[in-house]
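Results of the structural survey
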Amino acid sequence: MASYSAPLRDMRFVYHELFDSSDISALPGFEEATPDLIDAVLEEAAKVCENELFPINRSGDEEGCRYHQGGEVTTPSGFRECYRAYAEAGWIGLSSDPQYGGQGLPAAISTLLEEMVCSSNIAFGTYVGLSRGAYRAIAAFGNDTLKTRYLPKLTSGEWSGTMCLTEPQCGTDLGLLRTRAEPNADGSYRVTGNKIFISAGEHDLTENIIHLVLARLPDAPAGVRGISLFLVPKFLPNPDGDPGERNGVLCTALENKMGIKASATCAMSFDQATGWLIGSAHKGMQAMFVMMNDARLGVGVQGLGLSESAYQAAVEYARERLQGRSVTGTKHPDKPADPILVHPDIRRTLLTMRALTEGNRAMATWIARHLDLRERAEDETTRASANDFVQLMTPIAKAFFTDYGFDITNMGLQVYGGHGYIRENGVEQYVRDSRIAQIYEGANGVQALDLVGRKVPAHTGRYLRQFFHPVQSWIESHAFTPALQPFVMPLAKAFGRLQLATGHIAQVGLKNPNEAAAASSEYLRLFGLVALGYLWARMVEVALTHENGADQGFYDAKVATARHYMERILPQTGSLFAAIMAGASTMMDFPDEAF
Amino acid sequence: MSFGQSIIFNEIQGVSHQMKILVPIKRVIDANIKVRVKSDQSGVELNNVKMAMNPFCEIAVEAALRLREAGEAEEVIVVCAGPANGKETLRTALAMGADRAIHIESEDSPEPLAVAKLLKAVVEREKPGLVILGKQAIDGDNNQTGQMLSALLNWSLGTFISRLSVEDGAFHVTREVDGGLENLKLSGPAVVTVDLRLNEPRYASLPNIMKAKKKPMEELTAAALDVDITPRLTVLKVEAPASRSAGVRVHDAAELVDKLKNEAKVI
Ligand SMILES: Cc1cc2nc3c(=O)[nH]c(=O)nc-3n(C[C@H](O)[C@H](O)[C@H](O)COP(=O)(O)OP(=O)(O)OC[C@H]3O[C@@H](n4cnc5c(N)ncnc54)[C@H](O)[C@@H]3O)c2cc1C
Ligand SMILES: Cc1cc2nc3c(=O)[nH]c(=O)nc-3n(C[C@H](O)[C@H](O)[C@H](O)COP(=O)(O)OP(=O)(O)OC[C@H]3O[C@@H](n4cnc5c(N)ncnc54)[C@H](O)[C@@H]3O)c2cc1C
């Protein structure tokens, strides 16, 4: 049976040492977020995740959610109690505005908490994650009435949220959306239509559920420019704010699915349901995009969280499982066989899992810090460039973390051999649970298109500067530091490939968009690998300042893991580069009927 | 302990709703960590080892908070004697809900008798109606401090308690003893030491973690309290317990009896 212990040491390393946490606590409103407080918060969060969320992860998977006549849905045993304790302890409102009862802590801390939640129980995490998404959309675009009515309850967790985009004929292409909204005399709307695959659409964790629904107004233009965003509560609040009359929204079915079985995936029917417009008419996509951009990092973190759990489980097993002898001769003569940790292939697997997981943690924190800078930095330029960085890196984080989330959980299963494939040890659940993150919140192929189609060309490459400039100047200023040579050189080479590929795609994509689109997934992967290369080199730089100090083992392992990354993983940028440069003809010239 | 004297105390102080509760807590190696002996056998390795509040102390803090929440006490004060990082552990107790903290700084963690003397001095300053301690700390497993403190104060004592309530101005406790359970009524003021089954300690809530930063933490020294904490014990050597040797299979009952008689010398 796998276990989980939050990687607090690495989190502290990334938060305080790799990046300078004092520039976050210097932001207005974050004065309280001092290192000792942050450590205390992370430590207590770890306890809750390890001791409360993790123990109901596997039972939640076995039991799943249940649909009952009349449209009620119940979550697996223990989820209600756990949710109540989690909400009452204030974790849902960690980064929410104190004005609405939140604790106003940095997004960078919230991201670390999310990772722990996803590591210990990703299905549980979907409920609280969606509430956070709804909170953000209402906070950014709702009017004051909506804010005062809904934000405190979403912050306390008394109510939860959903995002209702998908319809049977409309997944990636939201332009095909059919749900309608008609105005009432009192300024509210009547929303009618069918949504599918709605996470947390119905459940027994909260007394009310707040649906954020994309729908069309009667005068709406066709396509994505005619979509508006509505707030539709399950129960209409009374004047005193408590849930009152049942609204015309009903869960009609639950999906049976591969993973995240304790997360209710609901078909929802809206029948003249009362709702209120969020933001302006026909501008729903803009509001949704703000919400989704943040949510995408959150989904990326799901991949990261599961990678960490899978890594921990695999290491534990590799130490215990006795099988075969070391190829260089017996290591443990007292035992019937050596632990599989002695085998080069197992070590390669474990280090690959580790290098990618720790690298992704650094990248998640890097991006989340920019969410804080974007929101709170005092000067306009810092805010604007932080936004550029977030825009650029979000699709990369979403697709890169979740593609590797699946790969890494799968590697973890392989370490367990047949004992991973059977359910008992819990590691096949990680594989199944990680799979969805590659699909929802914009399938990964669509993230790659967003990167090459929108983010790279935006404002003639302005977003790119936020990545290319710091990396370039770091390479230049460290190119001659002897201790860093084994790290700067491979990084510089990979970075060169990224620069060339970027120029190439910009050029050919302009003439023939198929060229850019055909290269997009490989380009995203190349970008992610280079970003991790940069972060690993910087982690080495920090680790090397700790020679012969306390905690030496931790820093030595950092440097050693970085070497594995540079020598065994980063070279993949070579084959990706070749694939990108090969162009689109293999796939685009292939006749449709030959498939 | 003199019963008569306790009654006199009781008449003077009684168990009042304005009662303060003092909870001494200790910082120890996290219960989930595998303890390693230092290579020079002078002690256990504490460098870069995750530390936490002694689990029995967590139960003591929880018990105090519950009494306060039930209106039986007014203030919960936590106190820790030892190196500076004990303040982190005190913060944890404040985050659970304790009202204020006292740290008595010393280079090493003082021995039980020294701690009991320090606590006596704190009790004389703070005048709590009840002191709740863990029955032992999971590092030294001494199981002494509470007993010594009650003797020094000449207060009622209830050890290894699994139930605690305040009724009619007295503390009612259930003790876990070898033969079963023992119910006692203690007149206040009293010292109690808690066992595992008394309660399940709460998690600190996020708002309370944030508030804990602002709660008062008084810093004292043994010298200021006029207590001599010089160690009285000398550690000769610390060793890991010998690992169990493999069992042997005996062929028949006669061989077993023979081994029990002649090798184990138990029959
Ligand atoms: C468990 C689960 C939970 C979900 N939760 C929610 C939720 O809470 N709210 C909600 O609204 N939705 C939710 N969804 C729906 C999810 O967001 C969609 O499944 C997703 O957007 C993809 O849409 P689709 O399934 O219709 O696939 P399609 O859009 O049909 O895509 C199929 C494939 O085609 C590719 N593709 C599509 N269009 C393009 C294009 N233009 N260029 C290149 N490739 C393309 C995609 O990458 C994908 O690989 C959930 C789904 C699941 C399974
Ligand atoms: C659904 C299912 C059906 C099965 N059907 C049958 C069946 O019909 N008959 C039958 O006899 N068995 C069957 N098996 C067992 C299957 O063949 C074993 O699970 C498989 O041989 C791997 O052994 P293991 O699970 O003990 O993993 P282990 O041998 O413990 O391997 C664990 C990991 O260590 C690695 N490893 C082990 N030794 C070395 C080494 N020397 N060098 C490098 N790496 C090493 C492996 O690659 C693997 O990643 C079945 C298993 C399952 C799950």
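Residues numbered from 1 in each chain as written. Chains lettered and ligands numbered in written order. Predicted model: local features only at pLDDT ≥ 70, side-chain atom pairs only at ≥ 80, totals over all residues.

**Brief notes about the overall build of chain B**
Rules: The numbering of helices and of strands both runs from the N terminus, where a helix is a DSSP run of H or I of at least 4 residues and a strand a run of E of at least 2. Three classes are used. A residue is buried when 20 or more other C-beta atoms lie within 10 Å of its own, exposed when 12 or fewer do, and partly exposed in between, with C-beta atoms placed from the backbone. Throughout, a pair of residues is in contact if the C-beta atoms placed from their backbones lie within 7 Å.
Across its full length, chain B holds seven helices and 11 strands. Counting over 267 residues, chain B shows a buried share of 39%. Counted over contacts in chain B with a minimum sequence separation of 6, partners at least 24 positions apart contribute 73%.

**A few points about the packing of helix 10 (residues 380-416) of chain A against helix 14 (residues 462-478) of chain A**
All names here are of chain A. Convention followed: Between N-to-C directions, angles cover 0 to 180 degrees, with each direction set by a line fitted to C-alpha atoms, over the stretch in contact for helices. Here roughly perpendicular refers to angles of 65 to 115 degrees, roughly parallel to angles under 35, roughly antiparallel to angles over 145, and oblique to all remaining angles. Gly is placed with the polar residues, together with every amino acid not listed as nonpolar (Ala, Val, Leu, Ile, Met, Phe, Trp, Tyr, Cys and Pro) or charged (Asp, Glu, Lys and Arg).
Viewed as axis vectors pointing N to C, helix 10 and helix 14 meet at an angle of 90°, and their least axial separation amounts to 8 Å. Compared by their axis directions, helix 10 and helix 14 come out roughly perpendicular. Side by side, helix 10 and helix 14 meet where Ser-385, Asp-388, Phe-389, Gln-391 and Leu-392 of the first sit next to Arg-462, Tyr-463, Leu-464, Gln-466 and Phe-467 of the second. Looking at the contact of helix 10 with helix 14, its residues break down into five nonpolar, three polar and two charged.

**Some thoughts on helix 12 (residues 427-435) of chain A**
Residue and element names in this part refer to chain A. Along helix 12, seven of the nine residues are buried, which leaves the element largely enclosed by surrounding structure. Among all positions in helix 12, only Val-427, Glu-428, Gln-429, Tyr-430, Val-431, Asp-433 and Ser-434 are buried. Contact partners of the buried residues in helix 12: helix 4 (57-63), helix 6 (107-141), helix 8 (284-320), helix 10 and helix 11 (418-421).

**Here's the deal with the site of ligand 1**
All names here are of chain A. How we decide: Working rule for contacts: place C-beta from the backbone, and if it is within 6 Å of a molecule or strand, that residue counts as near it.
The full set close to ligand 1 counts 19 residues, and Leu-165, Gly-171, Thr-172, Ser-199 and Ala-443 are the nearest of them. Looking at the shell around ligand 1, the elements with two or more residues in it are strand 3 (159-164), strand 5 (189-199) and helix 13 (444-455). When its residues are assigned to classes, the shell around ligand 1 shows 11 nonpolar, seven polar and one charged.

**Description of the interface of chain A and chain B**
The partner chain B presents 12 residues to the 15 residues of chain A that form the contact. With six residues, helix 3 (residues 35-53) of chain A is the largest single contributor of residues to the side of chain A that touches chain B. The class makeup of the residues in the side of chain A that touches chain B is eight nonpolar, two polar and five charged.

**Topic: the pairing of strand 4 (residues 75-82) of chain B**
Regular strands place side chains that alternate from one sheet face to the opposite one. Residues and elements named next belong to chain B. Heads up, the condition is: We call two strands paired when DSSP finds no fewer than two bridges between them. Orienting the strands away from the viewer, one traces the path from the first strand over the helix to the second; a clockwise path indicates a right-handed crossover.
Taken across its eight residues, strand 4 has seven buried, putting it largely inside the fold. Alignment of strand 1 (residues 20-24) against strand 4, held across five bridges, turns out to be parallel. Each bridged residue has a counterpart across the sheet, and for Ile-21 the counterpart in strand 4 is Val-76. Relative to strand 5 (residues 100-105), strand 4 is paired through six bridges, and the arrangement is parallel. The residue of strand 5 that forms the bridge with Val-78 is Ala-101. Traced from strand 4 through helix 3 (residues 86-96) to strand 5, the parallel crossover comes out right-handed.

Worth remembering: the numbers are spatial, not functional.
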